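Fold and geometry: a report
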Amino acid sequence: MSSVWGFRLSFAAACALIVGRSAQGAPPLQGGPDAQDGATGSRSPAVLYRTYCAGCHEGQVPRAPHMIYFQTIGPKTILAALSGGAMQVQGSALSSAERRALAEFLGAAKLPPEGMPVNVKRCIDGAFDLDRVPEGDGWGMTLGNTRFVDGRIAGLKAADLRSLRVKWAFAYPGATRARAQPTVAGGSVFVGSQDGTVYALSLDTGCQRWSFQADAEVRNAISIEPWVRAQREATPRAFFGDLHGNVYAVDARTGALVWKTRADEHPNAQITAAPHFYKNRLYVPISSNEWAAAADPGYPCCSFRGGVAALDTRDGRIVWHAYSIPQVPRATGEKNSAGAPRWAPAGVPIWNSPTIDVKRNRLYVGTGEAYTSPAGATSDAVLAFDLTDGHLLWSYQSIAHDAWNMACFIGGGPNCPRENGPDLDIGASPILHTLPSGRQLLLVGEKSADVFALDPDADGKVVWKVRYGRGGIAGGVHWGMAASPRSLFVPNADTTITGKEAGIAKPGLFALEPATGAIQWFAPAPNVCAKENLPACDAGYSPPPTAIPGVVFQPSFDGWLRAYGAADGRLLWSFDTTREFRTVSGDEAHGGSIDAVGATVIDGRVLLSSGYLFGGRMPGNVLLVLSRNGR
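So, here is what we can say about the structure in this document.

What counts and what doesn't
- Every chain's residues receive numbers from 1 upward, in the order its sequence appears when written.
- Note on the predicted model: pLDDT of at least 70 is required for a residue's local features to be given, and 80 or more for side-chain atom pairs to be given and counted; whole-chain, interface and lining totals, by contrast, use all residues.
- Where side-chain values are given, they derive from all heavy atoms of the structure, hydrogens and water being excluded.
- When two cysteine sulfur atoms are found within 2.5 Å, that pair is recorded as a disulfide.
- Pairing of aromatic side chains here covers Phe, Tyr and the six-membered ring of Trp, requires ring centres within 6.5 Å, and sorts the geometry by plane angle: under 30 degrees stacked, over 60 edge-to-face, intermediate tilted.
- In DSSP terms, a helix is any run of H or I states spanning at least four residues, a strand is any run of E spanning at least two, and both are numbered starting from the N terminus.
- Note on classification: 1.4 Å probe, protein chains only; a residue is buried when its accessible area is under 20% of the maximum for its type, exposed when over 50%, partly exposed between these limits.
- In our convention, an over-ring charge means Lys NZ or Arg CZ found within 6 Å of a ring centre and within 35 degrees of that ring's normal.
- When DSSP finds two or more bridges between two strands, those strands count as paired.
- Angles shown run from 0 to 180 degrees and are taken between the N-to-C directions of axes, each axis being a line fitted to C-alpha atoms and, for helices, limited to the stretch in contact.
- Whether a set of points on the 1 Å grid over the protein atoms alone is a cavity depends on a 1.4 Å probe fitting there but being unable to get out, while an open set qualifies as a pocket with protein on both sides within 12 Å along at least five of seven lines; lining residues are those with an atom within 4 Å of a point.
- Grid points are joined across faces, edges and corners, and a volume is the space filled by probe spheres set on the points.
- We call Asp, Glu, Lys and Arg charged. Ala, Val, Leu, Ile, Met, Phe, Trp, Tyr, Cys and Pro are nonpolar, and the rest, Gly among them, are polar.
- Any two residues whose heavy atoms approach within 4.5 Å are treated as being in contact.
- Two residue types count as positive, namely Lys and Arg, and two as negative, namely Asp and Glu; His and chain ends fall outside the count.
- Each salt bridge in this description consists of a side-chain nitrogen of Lys or Arg and a carboxyl oxygen of Asp or Glu lying within 4 Å of one another.
- For this analysis, a polar contact is any N or O atom pair within 3.5 Å, provided that within protein one partner can donate a hydrogen and the other can accept it, and provided that sequence-adjacent residues contribute only side-chain to side-chain pairs.

Take the state of the cysteines next. With the rule as written, the count across this model stands at 3 disulfides. Disulfide pairing is shown between cysteine 408 and cysteine 416; the S-S distance is 2.2 Å. Where cysteine 408 bonds to cysteine 416 through sulfur, the torsion about that S-S bond is close to 100 degrees, and the disulfide is right-handed.

What follows is the structure, given as structure tokens:
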């Protein structure tokens, strides 16, 4: 799974995304190299790309990053390269306005206007409230990543759903995707954004208490250091990572930087999933975008290996670093057909937030595919690490021989490993679930549409394993599941992107019996895409669900948030985010496709980010807060 799995399209579709539709919604390219944008008189970004970029960045020139890579680095980095960096010579042929337009086009996001401050509504009354202590635990709501919110914390019941209205909306400035799940603590909403800005907003009004600028996109949920109401002088910190591999600690009350640490020295390392805080340590999952860099025939593929870093939260010092591949990648002595040296072993990124097992002093993660052949025994696997020193205790590999990178998807480029997929990662966090008998199981789902239970007391022995959908490169479980005391809620994507997927697609939400894997019910995803003729729309359930007593909230690629009855799968309520919203700043924001981000439910409110311009999905830039009658 790439950090943005949806971009794993056919090469033709990828070209259409970059060339045929700009971040501003430009029509497909027409006319010759001198075609102009009628509004500005400048050449259109699509024409600029074809004229100055395509000849090198579609795989023809070794060491030139493939065009697929651009949306992973964003427009700021691209503009810097065109204006005074590695691409300055090429950029000199463009006007300043054209460089900005091209950077926005390739990076799939708007740059803020030069010299113009971002329009935000700042708080003038109220402050961080130490009486409103953190409820729940990070991305997964609990240490075991169950994504289940107790009724006292949720403050919502099934009977309240039909009264939900927008209380306030917030616009992520210049964004075309909103990929971070909001976190609530101290009466504030903490959330990251596409341009790397982290915001602290008032939960009650949406006004901005502070913002912090990270070096790159922050798409993981913010982890908040807990405190108790008696701590009147508490100074809690907020922890998060960015797509340059940096980890930050900031003062949760003010946004002041406390420390900054690079979690992994590999230049392609990034933090995609949420770090998990426990007892003065921050456990950080490490992924990479080397899967995209490998599309470049001249790239020496590959040398990244995933892992988990444990940081001391007092100063950011790395206490231990555990790798998902035991061996250090080395040059093999071979070269690919473009003359670039081959390296191995590599890959096995970790796309999910670690699961903490206090009873056994362990940490669990799921892993992705290898980038080079042969794929090792820890790819597409569940790994158990010791919390104290990070040594590997056991591993269970669900699917063997899975080596893949982007070179495989653009015609079998020189860096495609000989195994060539099937790219069936475990991108979702394992769930540590307690059965009514007191026995605990690790519940795991993957893109193959397999769901299984492992015994944490028997070194990961399989208890049961079922396949509930078609699965595939864009099928099965992508970013997470949820578990209530009686059910395991499993979203299924089963998206069609190659046209070669075998079997019957079953997009929708399943409920399984946690002890056996038996299906309790299945709710097929409604096909609003065909009914409403929405462009770039898909019915797949890729985001993780969130469960409260009696209700399961499930976002979708089609931009809808739906609530199902936990007992029978009956659709109780739905809300369409694919429209314009007036925000607290007075600006307009728009929702779109929803991927990777689940709903946060707390104190009678439902919070959700909407928008995902990537892989042909619908763009958007809004954070929504819903409450009973909008109050």
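Aromatic ring pairs: the centre-centre distance and the angle between the two ring planes describe each pair. Scanning the entire structure with this criterion turns up 22 aromatic pairs. With 5.5 Å between their ring centres and 70 degrees between their planes, phenylalanine 212 and tyrosine 248 make a pair best called edge-to-face. Placement of the pair is phenylalanine 212 in strand β5 (residues 208-213) and tyrosine 248 in strand β8 (residues 246-251), with a sequence separation of 36 residues. The residues phenylalanine 212 and tyrosine 248 share a single accessibility class, namely buried. Taking the centre distance of 6.4 Å and the plane angle of 75 degrees together, the rings of phenylalanine 553 and tryptophan 573 count as edge-to-face. Here the residue phenylalanine 553 occupies a position in strand β30 (residues 551-555), and tryptophan 573 occupies one in strand β32 (residues 571-576), the gap between them amounting to 20 residues. Classification of phenylalanine 553 as buried rests on a relative accessible area of 0%. An aromatic cluster of three or more residues is present, and its members are Phe128, Phe190, Trp210 and Trp227. Its guanidinium or amino end placed over the ring of phenylalanine 452, lysine 465 lies 5.2 Å from that ring's centre, counting from NZ or CZ.

Spatial ordering of the open sheet is given by β17-β18-β19-β20, a layout of 4 strands whose pairing is antiparallel. With partners counted over all chains shown, the strands left at the sheet margins are β17 (355-357) and β20 (392-397), one partner each. Each strand of the sheet is rotated relative to its neighbour by a mean of 20 degrees, with strand direction disregarded. When strand β19 (residues 381-386) meets β20, the two strands line up antiparallel, connected through 5 bridges. Opposite valine 382, over in β20, you have tyrosine 396 as the bridge partner.

The element strand β27 (residues 508-512) is extensively covered by neighbouring structure, given that 5 of its 5 residues are classed as buried. Inspection of the sheet shows strand β26 (residues 488-492) paired to β27 by 5 bridges, in the antiparallel sense. Within β27, the position partnered with phenylalanine 489 by the bridge is alanine 511. Pairing of β27 with strand β28 (residues 519-524) involves 5 bridges; the strand directions are antiparallel. Of the residues in β28, the one forming a bridge with leucine 509 is alanine 523. Linking β27 back to β28 in an antiparallel pair, the connection comprises 6 residues, with glycine 517 at a positive phi of about 85 degrees.

All chains considered together, the criterion is met by 3 cavities of 30 Å³ or more. Of the voids in this model, the largest cavity is the one considered here, and its volume is about 190 Å³. Considering the residues around the largest cavity, the lining is formed by 18 residues, among which Trp139, Thr272, Ala273, Trp479 and Ala596 are closest to the centre. Considered class by class, the residues forming the lining of the largest cavity number 9 nonpolar, 7 polar and 2 charged. In this structure, the second largest cavity spans a volume of roughly 40 Å³. Taken together, Tyr172, Arg177, Ala178, Arg179, Ala180, Gly192, Ser193, Gln194, Glu217, Val218, Arg219 and Ser609 make up the full set of residues lining the second largest cavity.

Okay, the environment of phenylalanine 240 next. With respect to the helices and strands, the residue phenylalanine 240 is situated in strand β7 (residues 237-241). Sequence spacing of phenylalanine 240 and serine 223 is 17 residues, and the spatial spacing of their C-alpha atoms is 6.5 Å. Other than its neighbours up to four places away in sequence, phenylalanine 240 contacts Val198, Phe212, Ala214, Val218, Asn220, Ile222, Asn246, Val247, Tyr248, Val250 and Pro275.

Here aspartate 576 shows up in strand β32. Of the side chains bearing the opposite charge, arginine 579 lies closest to the buried aspartate 576, which forms no salt bridge; the N-O distance is 5.8 Å. Polar side-chain contacts of aspartate 576 include one of 2.6 Å to the side chain of threonine 578.

One open sheet holds the 4 strands; their spatial order is β6-β7-β8-β9, and the pairing between them is antiparallel. Every other strand in the sheet has two partners, leaving β6 (223-224) and β9 (257-262) as the edge strands with one partner each. When β6 meets β7, the two strands line up antiparallel, connected through 2 bridges. In the sheet register, isoleucine 224 faces β7, and the bridge partner there is alanine 238.

Volume-wise, the second largest pocket comes out at about 400 Å³. Along the walls of the second largest pocket sit 24 residues, with Pro134, Glu135, Gly136, Asp137 and Gly138 positioned nearest its centre. Of the residues belonging to the lining of the second largest pocket, the class tally is 14 nonpolar, 7 polar and 3 charged.

Another aspect to go through is the pattern of salt bridges. With the rule as written, the count across this model stands at 24 salt bridges. With its nearest N and O atoms 3.4 Å apart, the salt bridge here joins arginine 628 to aspartate 160. Highlighted residues: arginine 628 in strand β37 (residues 622-628) and aspartate 160 in the loop between α8 (151-154) and β1 (164-171), separated in sequence by 468 residues. With a relative accessible area of 34%, arginine 628 lands in the partly exposed category. Here arginine 314 makes a salt bridge to aspartate 312, at a shortest N to O gap of 2.8 Å. Aspartate 312 gets classed as buried once you look at its relative accessible area, which sits at 4%.

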